[in-house]
Amino acid sequence: KALEDHLSGINLEDFVVAALFHDVGKCSVPGHILKKKERLTPEEYAVVKQHPVDSATILQPMYGEKIANITKMHHERMDGSGYPRGLKGDEIPMEARILMVADSFDAMTTERGYNAVMTPEEAADEIVRQQTLFDPLVAQMLHEMVYSGRIAAMKKENDE
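The rules behind each value
Residues numbered from 1 in each chain as written. Predicted model: local features only at pLDDT ≥ 70, side-chain atom pairs only at ≥ 80, totals over all residues. Heavy atoms only, no water. Axes fitted to C-alpha atoms, helices over the stretch in contact; angles between N-to-C directions. Helix = DSSP H or I, 4+ residues; strand = E, 2+ residues; numbered from the N terminus. Parallel < 35°, antiparallel > 145°, perpendicular 65-115°, else oblique. Contact = heavy atoms within 4.5 Å. Phe/Tyr/Trp six-rings, centres within 6.5 Å; stacked < 30°, edge-to-face > 60°. Buried < 20%, exposed > 50% of the residue type's maximum accessible area, 1.4 Å probe, protein only. Salt bridge = Lys/Arg side-chain N within 4 Å of Asp/Glu carboxyl O. Patch = residues over 30% accessible without salt bridge, like charges linked within 9 Å, V, L, I, M, F, W, Y side chains within 5 Å. Areas by Shrake-Rupley, 256 points an atom, 1.4 Å probe, with all protein chains shown as cover. Left-handed = near helix turned anticlockwise from the far one by under 90°. Nonpolar A, V, L, I, M, F, W, Y, C, P; charged D, E, K, R; others polar.

Asker: Explain the packing of helix H9 (residues 136-148) against helix H10 (residues 150-159) to me, and be specific about the residues and the numbers.
Answerer: At their nearest, the axes of H9 and H10 sit 4 Å apart, and the two run at 70° to each other. With respect to each other, H9 and H10 are oriented roughly perpendicular. Residues Leu-142, Met-145, Val-146 and Ser-148 of H9 lie in contact with H10, whose contacting residues are Arg-150, Ile-151 and Met-154.

Shown next as structure tokens:
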């Protein structure tokens, strides 16, 4: 199925709200954990893994179940290895699949204190390589946007 077929059912307004506020639940994560440069302990990682659920809880009363679910599922992975529920494949809404790719790309290309920053091309290549984690159609679309210069152009436009 082409990406366009998957995108036809997406409400862009809902997606934008979910994308803007997907990490609001991180306000429940103690700062010393968020800012830690070393590897998180299993207990600290469990706290971090709660943030999508907290985001959904915060957003649901104001924005409804659909937006809450998109934010809750943005760390799910296509092979079921994600969190919080271990959903896989088509159990994950397309909006959450797009958000997981965008969020991962951002994490790979932005200084976070605990990561080696990649170029946009390196990050896009890595996401495409990890087809068990990311939706292949969404990964390929990101790859095309990076290599066509569209991502750089959007970044430049936002920086101005």
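Asker: Got a sec to walk through the packing of aromatic side chains? Specific residues and values, please.
Answerer: Under the defined criterion, the tally for this structure stands at two aromatic pairs. Each ring, one from Phe-21 and one from Tyr-63, has its centre 6.1 Å from the other, and the planes form 20°; the classification is stacked. You can see Phe-21 sitting in helix H2 (residues 12-21) and its partner Tyr-63 sitting in helix H5 (residues 51-63), a full 42 residues away along the chain. Relative to Tyr-83, the ring of Tyr-45 has its centre 6.1 Å away and its plane inclined at 80°; by these criteria the two rings are edge-to-face. Linking Tyr-45 in helix H4 (residues 42-48) with Tyr-83 in the loop between helix H6 (65-72) and helix H7 (94-109), this pair joins segments that are 38 residues apart in sequence. Exposure remark for Tyr-45: the relative accessible area of 39% places this residue in the partly exposed category. We classify Tyr-83 as buried; its relative accessible area is 11%.

Asker: Got a sec to walk through the pattern of salt bridges? Specific residues and values, please.
Answerer: If you walk through the whole model with that rule in mind, you get six salt bridges. Across the pair Lys-36 and Glu-44 runs a salt bridge whose closest N-O atoms are separated by 2.7 Å. The pair Lys-36 / Glu-44 is uniform in exposure class, with both members buried. Residue Asp-90 is joined to Arg-97 by a salt bridge in which the shortest nitrogen-to-oxygen separation is 3.0 Å.

Asker: I'd like a rundown of a nonpolar patch on the surface, residues and numbers included.
Answerer: A cluster of nonpolar side chains, Leu-12, Val-16, Leu-20, Phe-21, Met-62 and Tyr-63, forms an exposed patch at the surface whose accessible area comes to about 630 Å². Of all the elements in the fold, those that place two or more residues in the nonpolar patch are H2 and H5. With four residues, the top contributor of residues to the nonpolar patch is H2.

Asker: Break down the packing of helix H8 (residues 120-129) against H9 for me, with residues and values.
Answerer: Describing two packed helices takes the angle between their axes plus the distance from one axis to the other. Where H8 meets H9, the closest approach of the two axes is 9 Å, and the angle between their N-to-C directions is 160°. Between H8 and H9, the crossing angle belongs to the class labelled roughly antiparallel. Relative to H9, H8 is oriented so that their crossing is left-handed. The segment H8 lies against H9, with Pro-120, Glu-121, Ala-124, Asp-125, Ile-127 and Val-128 engaging Ala-139, Gln-140, Leu-142, His-143, Val-146 and Tyr-147. Class assignment for the residues of the contact of H8 with H9 results in eight nonpolar, two polar and two charged.

Asker: Mind laying out unusual backbone geometry, listing which residues take part and the relevant values?
Answerer: Here Tyr-83 and Pro-84 are connected by a cis peptide whose omega angle stands at 15°. Here Pro-84 is to be found in the loop between H6 and H7.

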